[in-house]
Amino acid sequence: MKAVARAVPREEHFTSRLRSPAVAARIGLWLGICFTITFLTGLISHYAQNPTHPIPFPTSPPWGYRVTQGLHVTTGYACVPLLLVKLWSVFPKLFARPPRDRSELALHAAERASIGVLVAAAIFQLVSGIANAAQWYPWSTFSFRGTHYAVAWVAIGAVVVHIAVKLPVIRAALGADVDDTSQDRPSATRPGVLTRRGLLRTTWLSAGVAVLATAGASVPLLRRVSVFGVNSGEGPGGIPINKTARSAGVTTTATSASYTLSVSYGEREVSLTRADLEGLAQQTETLPISCVEGWSESGDWTGPRVRDLLALVGAPPGRDLLVVSLQEAGPFRSATLQAGYVDDDRTLLALGLDGEPLALDHGYPCRVIAPNRPGVLQTKWVSRLEVL
Amino acid sequence: MRSRLALGAVGTVAGVYGAFLLLSRQQPEDWVEVAIWFAVGVVVHDFVLAPLMLVAGVVMVRVLPAAARAPAVVGLVVLGSVTLLAVPVLGGFGVVPDNPTLFDRSYLAGWAVLAGVVLAGVLAAALARRSRASSTTEEPDGARPGR
């Protein structure tokens, strides 16, 4: 046992003066800002995906969700270098020995536990979020959305507790020069290869490179430099595809000559062929597909207004709409289009994109496109509209 | 002190709410898997990544001339952290064979370009530092804290 204790490094074995509260507090400040941004934009995204909206989700600006979700994912990428350097700067603390005094011991244990939760939750959020943005699901049972949402509360709670515990240290560190040594561990005196300012600038540079390397999936201007963007913005009609007709299992039904769209309100129901839909008054709206995985792309969609379709069965305004797809299974087989979207003039049942008939992979014969809405809910291959 | 206690209470409530969401909306097998992922993240960082950085530091001091060390650290932090966040696209783990519109970049080529830019920057900075150090030999590199 003693041999093991001797082999484990001690806090005082770490001598670099870069591992200092002056550095940790400055990176921690930005990490706290970034975690707050991801938390708030995450709440928006989670709410937008709820089937019921006690407070209607706004339909304007139409690019709102595009911005919040692009910001959510991009800020998450920027957190990777920030978190890594932050953890590096406080790494000696991992080896702090517990105090002998019993009363201090309880407090020490509580703080260590809160730090453990903070680090575990922070790493979990970044890893699961970045995997999800790349549509990679290396876990087997838990659902991404529910778990990422729940752990977000754990992470932000642990951040707030951490700030409360460290507030005097943070205040002193941020109030003094970056080279101030008054709060340093006694052993942290060896000059680093970099200066403290140099390390901070390196961290900001890394976060900046992380943003530039990924943000092109939602910011068209950056497309060429974003070498790790999840797509290049190419696809039929200039928009990438998340789920193809083949993987949704709808290739046969979507191209069938007997396809009809059913629109119903109570007892009243009409069936429309694709030709019938083309015969209705057509609108063209420029609206983005804003994927929950962060990428987005704007397109010119053409088709009848959903409102006009519902007028065919005499549905009053202010009602939610159940949109059902030709897909036979899967979580996005159907979605609720809330009344705010249904009543919006810009909400279309799109038949075409960019002047061409809708590609099969974009939802042919028809798909829903509404302003300011997560892409995953913009149901493709629509077979039924049912007023609720 | 009172404001810190209030802040701590707010954070605790938020964290407990998250734990409640985890427990109430998921099945026991999900809890186990989430717990495993929690632990794996910490273990990989604390016992793999962080010690690797310590080793990298020792190796760097032995191998690299003084003028190249600071640029090398900058390059390692930039390239290392950005490579880490690109692992899912570099590995192509989310690629669906019938969908050519996603993950449609050559990510390895992109990584090579990024690595080339970083390496060029490191080399240029190292050479600039060496020529500066040889013109002012009385100042050993890195020995001036607070610069």
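Residues numbered from 1 in each chain as written. Chains lettered and ligands numbered in written order. Predicted model: local features only at pLDDT ≥ 70, side-chain atom pairs only at ≥ 80, totals over all residues. Heavy atoms only, no water.

Colleague: How should I be thinking about the overall build of chain B in this particular structure?
Modeller: Looking only at helices and strands, one finds 5 helices and 0 strands in chain B. The secondary structure elements of chain B, listed N-terminal to C-terminal, are α-α-α-α-α. Radius of gyration (C-alpha) of chain B: 23 Å, far over the 15 Å computed for a compact globule of 147 residues. Summarising its shape, the C-alpha atoms of chain B cover approximately 70 × 60 × 25 Å along the three principal directions. Taking all 147 residues of chain B together, 32% fall into the buried category. Restricting the contact set of chain B to residue pairs at least 6 apart, pairs at least 24 apart contribute 50%. (Helix = DSSP H or I, 4+ residues; strand = E, 2+ residues; numbered from the N terminus. Rg over C-alpha atoms; globule rule 2.2 N^0.38 Å. Buried < 20%, exposed > 50% of the residue type's maximum accessible area, 1.4 Å probe, protein only. Contact = heavy atoms within 4.5 Å.)

Colleague: Before we go on, may I ask you to explain the overall build of chain A in this structure?
Modeller: When helices and strands are tallied, chain A shows 11 helices and 11 strands. Taken along its principal axes, the extent of the C-alpha atoms in chain A is 80 × 45 × 40 Å. Per-residue burial over chain A gives 55% buried out of 388 residues. Residue pairs at least 24 apart in sequence account for 71% of intrachain contacts in chain A once pairs closer than 6 positions are excluded. For chain A, the exposed area adds up to about 16,700 Å²; of that, 61% sits on carbon and sulfur atoms. Taken as two groups, the 36 positive and 28 negative side-chain charges of chain A have centres that lie 14 Å from each other. (Areas by Shrake-Rupley, 256 points an atom, 1.4 Å probe, with all protein chains shown as cover. Lys, Arg positive; Asp, Glu negative; His and termini not counted. Charge placed at Lys NZ, Arg CZ, Asp CG, Glu CD.)

Colleague: Looking at this structure, how should I read helix α5 (residues 144–175) of chain A?
Modeller: Structural remark: α-helix, 3.6 residues per turn; residues separated by three or four positions point the same way. Residues and elements named next belong to chain A. Under the 1.5 Å per step criterion, the end-to-end length of α5 is only 40 Å for 32 residues, more than 12% shorter than the ideal 46 Å. Within α5, the axis deviates most sharply at K166, by approximately 70 degrees, and proline P168 lies no more than four positions further along. Two or three places before G146, at the opening of α5, S143 has a side-chain oxygen 3.3 Å from that residue's backbone nitrogen. (Expected span 1.5 Å × (residues − 1). Bend = angle between axes of the 7 residues up to and from the residue. Polar contact = N/O pair within 3.5 Å; in protein donor to acceptor, adjacent residues only side chain to side chain.)

Colleague: Can you help me understand the side chain of K86 of chain A in this one?
Modeller: Secondary-structure assignment places K86 of chain A in helix α3 (residues 64–90). Although K86 of chain A is buried, it makes no salt bridge; E111 of chain A carries the closest opposite charge, 9.8 Å away. (Salt bridge = Lys/Arg side-chain N within 4 Å of Asp/Glu carboxyl O.)

Colleague: Which parts of the structure should I look at to understand helix α6 (residues 196–214) of chain A?
Modeller: With 19 residues, α6 of chain A extends 27 Å between its outermost C-alpha atoms, agreeing within 8% with the 27 Å of an ideal straight helix rising 1.5 Å per residue. Listed in full, the buried residues belonging to α6 of chain A are R196, G198, L199, L200, T202, T203, S206, A207, V209, A210, A213 and T214 of chain A. Of the surrounding secondary structure, the elements contacted by the buried residues of α6 of chain A are α2 (21–49) and α3 of chain A together with α3 (66–85) and α5 (107–135) of chain B.

Colleague: Honestly, the interface of chain B and chain A in this entry has me stumped. Any pointers?
Modeller: By a widespread convention, an interface's size corresponds to the accessible area lost as its parts come together. If you look at the interface, chain B gives 59 residues, while chain A gives 79 residues. With both chains or domains summed, chain B and chain A bury close to 5,700 Å², and 73% of this area falls on carbon and sulfur atoms. It is W37, L85 and R105 of chain B in chain B that bury the most area against chain A; as a group they hold 12% of the surface buried on that side. Taken together, the connections running from chain B to chain A amount to 1 salt bridge. One salt bridge connects R246 of chain A with D98 of chain B, and the closest N-O pair in it is separated by 3.7 Å. The tally of links between chain B and chain A comes to 17 residue pairs in polar contact (both at pLDDT 80 or more). Looking at the side of chain B that touches chain A, the elements that each hand over two or more residues are α1 (2–24), α2 (28–63), α3, α4 (87–91) and α5 of chain B. The element contributing the most residues to the side of chain B that touches chain A is α2 of chain B, with 14 residues. Within the side of chain B that touches chain A, the residues separate by chemical class into 33 nonpolar, 15 polar and 11 charged. (Buried area = accessible area lost by both parts, 1.4 Å probe. Nonpolar A, V, L, I, M, F, W, Y, C, P; charged D, E, K, R; others polar.)

Colleague: Could you clarify how one ought to interpret the nonpolar core in this entry?
Modeller: In summary, soluble globular proteins display a tendency toward joint burial of nonpolar side chains. F228, W295 and W301 of chain A together with V89 of chain B are the most contacted members of the largest nonpolar core, which has 88 residues in total. Excluding anything up to four places from it in sequence, F228 of chain A contacts A213 and T214 of chain A together with V82, A86, V89, L90, Y107, W111 and L114 of chain B. The next biggest cluster of nonpolar side chains, apart from the first, holds 33 residues, and it includes A254, L261, L309 and A370 of chain A. (Core = buried A, V, L, I, M, F, W, Y, C linked by side-chain atoms within 4.5 Å.)

Colleague: How do you make sense of the sheet that holds strand β11 (residues 382–387) of chain A when you look at a structure like this?
Modeller: All names here are of chain A. If you trace the 5 strands from one edge of the open sheet to the other, you get β2-β1-β11-β5-β6, paired in mixed fashion. Every other strand in the sheet has two partners, leaving β2 (268–272) and β6 (334–337) as the edge strands with one partner each. Across this sheet, the average inter-strand angle for adjacent strands is 15 degrees, counted without regard to direction. Here strand β1 (residues 261–265) pairs with β2 via 5 bridges, running antiparallel. Note on β2: the bridge partner recorded for V263 is V270. (Pairing = 2+ DSSP bridges. Axes fitted to C-alpha atoms, helices over the stretch in contact; angles between N-to-C directions.)

Colleague: Help me understand unusual backbone geometry in this model?
Modeller: Cis geometry marks the peptide bond from S60 of chain A to P61 of chain A; its omega dihedral reads -10 degrees. Residue position: P61 of chain A is located in the loop between α2 and α3. Of note, the bond from Y364 of chain A into P365 of chain A is cis; its omega dihedral lies within 30 degrees of zero at 10 degrees. Of note, D354 of chain A is a non-glycine position whose phi angle comes to about 60 degrees, a positive value. One can find D354 of chain A in the loop between β8 (352–353) and β9 (356–357). Using a relative accessible area of 46% as the deciding quantity, one classes D354 of chain A as partly exposed. Of note in this structure, F103 of chain B is not a glycine but carries a positive phi near 50 degrees. The exposure class of F103 of chain B is buried, given its relative accessible area of 13%.

As far as function goes, none of this settles anything; it's purely spatial.
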